[in-house]
Amino acid sequence: MKKILVTGGAGFLGSHLCEALLKQGHEVLCLDNYFTGSKLNILHLMSNPFFELVRHDVTQPFEVEVDEIYNLACPASPIHYQQDPIKTINTSVMGAINMLELAKQLNCKILQTSTSEVYGDPTIHPQTEEYWGNVNPIGIRSCYDEGKRCAETLFFDYYRERQVRIKVVRIFNTYGPNMHPNDGRVVSNFIIQALRGQDITIYGDGSQTRSFCYCDDLIKGLITMMDTPDNITGPINLGNPTEFTIRQLAEIIIELTGSSSKIKFLPAVSDDPQKRKPDISKAKDILQWEPTVELRAGLVKTIDYFRNRIE
Ligand code: NAD
Ligand code: UDP
């Protein structure tokens with residue numbers, strides 16, 4: 001049994017990760033400041049004596065004895081990370097430094113949840129880990145994109161200079177139960193709009209693409225990466241390589257919910273990446289990992305979750 005710290009553990013992915021680690025028989029310390037996370041996501045874990053919760057902000061140093069750290073703390077939805085952009089970059093950068101310092105002190109493994117946003121609006125397709133990206137350093141998404149890029153830099157500097165045992169994964173759009181109903185990301189927005197019979201809001205003409213990974217697949221990828229030997233640092237792309245336009249996603253969600261909602265086209269948002277699809281050859285080779293849940297199957301489970309939640 002290991003003692004494992006999960007920062008951002010009350011969020012969408014963090015809550016699934018805490019649950020999976022507890023199921024494997026580990027002791028889990030969930031750290032969160034509840035900016036975008038919620039105790040509701042982890043309520044069912046609170047009676048477990050091997051689960052502990054701490055309210056803390058990763059921008060402040062933190063000391064605890066653990067064997068592994070998963071660093072997830074950071075708002076992930078554009079509307080939330082743009083709400084207080086200076087706080088967002090502080091969370092990514094100071095959060096990374098504080099957690100890396102802790103990992104150095106404990107000589108424990110630390111995994112950073114980086115993002116496909118490090119590729120920006122990509123000029124190569126699909127995106128491989130070797131691609132350096134096409135990121136606007138001064139736009140409205142930069143607080144998140146550049147914050148995450150800087151966090152990656154810090155991870156590799158701590159690896160080279162201070163021998164910290166790092167793992168970096170770049171997560172592509174992931175969805176599933178426990179996303180906040182007001183999260184603002186496309187899957188949760190469209191499902192809630194469809195269930196309420198409201199217009200489905202597409203930003204732009206809907207021809208932009210994303211590749212959607214179901215949360216259970218992603219969590220398996222994170223844990224498999226953490227369990228690799230120390231010479232495997234990443235960065236490694238984790239995501240589902242099947243690509244859809246945003247318009248196709250809207251149509252599938254209307255169909256699966258049996259909704260009478262109509263599609264409404266709104267102005268495109270600034271710096272919106274036009275296409276995104278991971279090359280997951282590395283994850284397949286190194287981790288023997290690939291997603292197994294198809295979009296429709298994952299959406300059915302997510303729709304059930306939101307139906308219960310909004311009822
Ligand atoms: P989320 O917003 O649901 O979870 C983030 C969690 O971090 C929340 O519980 C929030 O309260 C907490 N948090 C935010 N700032 C904090 C701070 N300063 N101190 C402590 N806790 C803080 O988002 P998510 O989708 O679960 O994302 C988790 C991680 O995965 C993030 O780092 C995100 O960048 C990364 N990621 C997610 C996706 C995705 O599609 N879900 C894609 C790429 C990367
Ligand atoms: N999007 C949309 N309508 C919404 C929310 C998002 O058309 O209500 C689009 C958004 O412009 C982007 C894509 O869906 O092109 C994915 O957006 P999301 O915020 O989920 O994640 P991103 O990949 O942009 O970080």
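See the structure printed just above.
Reading guide: rules and limits
- Residues numbered from 1 in each chain as written.
- Chains lettered and ligands numbered in written order.
- Predicted model: local features only at pLDDT ≥ 70, side-chain atom pairs only at ≥ 80, totals over all residues.
- Heavy atoms only, no water.
- Axes fitted to C-alpha atoms, helices over the stretch in contact; angles between N-to-C directions.
- Helix = DSSP H or I, 4+ residues; strand = E, 2+ residues; numbered from the N terminus.
- Parallel < 35°, antiparallel > 145°, perpendicular 65-115°, else oblique.
- Left-handed = near helix turned anticlockwise from the far one by under 90°.
- Contact = heavy atoms within 4.5 Å.
- Nonpolar A, V, L, I, M, F, W, Y, C, P; charged D, E, K, R; others polar.
- Near = heavy atom within 4 Å.
- Polar contact = N/O pair within 3.5 Å; in protein donor to acceptor, adjacent residues only side chain to side chain.
- Areas by Shrake-Rupley, 256 points an atom, 1.4 Å probe, with all protein chains shown as cover.
- Expected span 1.5 Å × (residues − 1).
- Pairing = 2+ DSSP bridges.
- Buried < 20%, exposed > 50% of the residue type's maximum accessible area, 1.4 Å probe, protein only.
- Salt bridge = Lys/Arg side-chain N within 4 Å of Asp/Glu carboxyl O.

Asker: When you look at the packing of helix α5 (residues 186-195) against helix α7 (residues 246-257) in this model, what are you seeing that I'm missing?
Answerer: For any two helices packed against each other, the geometry comes down to the angle between their axes and how far apart the axes lie. Viewed as axis vectors pointing N to C, α5 and α7 meet at an angle of 40°, and their least axial separation amounts to 9 Å. Considering the angle they form, α5 stands oblique to α7. Crossing geometry of α5 relative to α7 is assigned as right-handed. Residues Val186, Val187, Phe190, Ile191, Ala194 and Leu195 of α5 form the contact with α7, whose own contacting residues are Ile246, Leu249, Ala250, Ile253 and Thr257. Class assignment of the residues belonging to the contact of α5 with α7 gives a composition of 10 nonpolar, one polar and no charged.

Asker: I tried to follow the site of ligand 2 on my own but got confused; where do I start?
Answerer: Near ligand 2, the surroundings consist of 18 residues, among which Val186, Thr201, Arg210, Asp272 and Arg276 are the closest. One nitrogen or oxygen atom from the side chain of Asp272 is found 2.6 Å from an oxygen atom belonging to ligand 2. Measuring from an oxygen atom of ligand 2, one finds a side-chain N or O atom of Arg276 at 2.7 Å. Expressed as a share of its isolated accessible area of 520 Å², the protein-covered part of ligand 2 is 96%. Those elements that place two or more of their residues in the shell around ligand 2 are α5 and β8 (200-203). Taken together, the residues of the shell around ligand 2 sort by class into seven nonpolar, five polar and six charged.

Asker: Looking at this model, I keep getting lost on helix α3 (residues 85-106). Mind explaining?
Answerer: For an α-helix, 3.6 residues make a turn, and residues three or four places apart therefore share a direction. The terminal C-alpha atoms of α3 lie 31 Å apart, and with 22 residues this matches the ideal 32 Å at 1.5 Å per residue to within 8%. Immediately downstream of α3, the backbone of Asn107 shows phi near 55°, a positive value.

Asker: Whenever I open this one, the sheet that holds strand β11 (residues 236-238) confuses me. Can you help?
Answerer: Think of a sheet as strands paired side by side through backbone hydrogen bonds, with each pair either parallel or antiparallel. Read from one edge to the other, the open sheet built from seven strands follows the order β3-β2-β1-β4-β5-β6-β11, with strand pairing classed as parallel. Edge positions in the open sheet fall to β3 (51-55) and β11, since each of these has one partner strand only. Ignoring which end each strand starts from, the neighbouring axes of this sheet average 20° apart. Bridge count for strand β6 (residues 165-171) against β11 is three bridges, and the pairing is parallel. When the bridges of β11 are listed, Val169 appears paired with Ile236. Against the sheet, helix α1 (residues 12-23) engages β1 (3-7), β2 (27-32), β3, β4 (68-71) and β6, with an angle of about 170° to β1. Across the face of the sheet, helix α6 (residues 215-226) comes into contact with β4, β5 (109-115), β6 and β11 while running at roughly 160° to β6.

Asker: Would you take a moment to explain the side chain of Arg276 for this structure?
Answerer: Among the secondary structure elements, Arg276 is positioned in the loop between β13 (263-266) and α8 (281-287). Among the residues examined, Arg276 registers a relative accessible area of 3% and is labelled buried. There is a polar contact of 3.4 Å between the side chain of Arg276 and the side chain of Ser116. Leaving out residues up to four positions away in the same chain, Arg276 has contacts with Ser116, Glu117, His125, Gln127, Arg141, Phe172, Asn173, Thr209, Arg210, Ser211 and Glu243.

Asker: Teacher, can you tell me more about the pattern of salt bridges here?
Answerer: When the charged atoms of two side chains lie near each other, side chains of opposite charge can form a pair. Under the definition given, this model contains 20 salt bridges. Residues Lys2 and Asp227 are paired through a salt bridge, measuring 3.7 Å at the closest nitrogen-oxygen approach. Of the two residues, Lys2 is situated in the segment before β1 and Asp227 in the loop between α6 and β11; the sequence distance between them amounts to 225 residues. Notably, a salt bridge pairs Arg307 with Asp304, separated by 3.9 Å at the nearest N-O pair. With Arg307 and Asp304 both in helix α9 (residues 295-310) and three residues apart, this pair spans about one turn of that helix.

Asker: Hey, could you run me through the site of ligand 1 in this one?
Answerer: If you check the shell around ligand 1, you find 29 residues, and the closest are Asp32, Thr36, Tyr144, Lys148 and Thr174. Within the side chain of Thr91, a nitrogen or oxygen atom sits 3.2 Å from a nitrogen atom of ligand 1. Between ligand 1 and Tyr144, the relevant distance is 2.6 Å, taken from an oxygen atom to a side-chain nitrogen or oxygen of the residue. If ligand 1 stood free it would expose 820 Å²; the protein chains cover 97% of that surface. Contributing elements (two or more residues each) for the shell around ligand 1: α1, β5 and α4 (142-162). Element by element, the count of residues in the shell around ligand 1 is highest for β5, at three residues.

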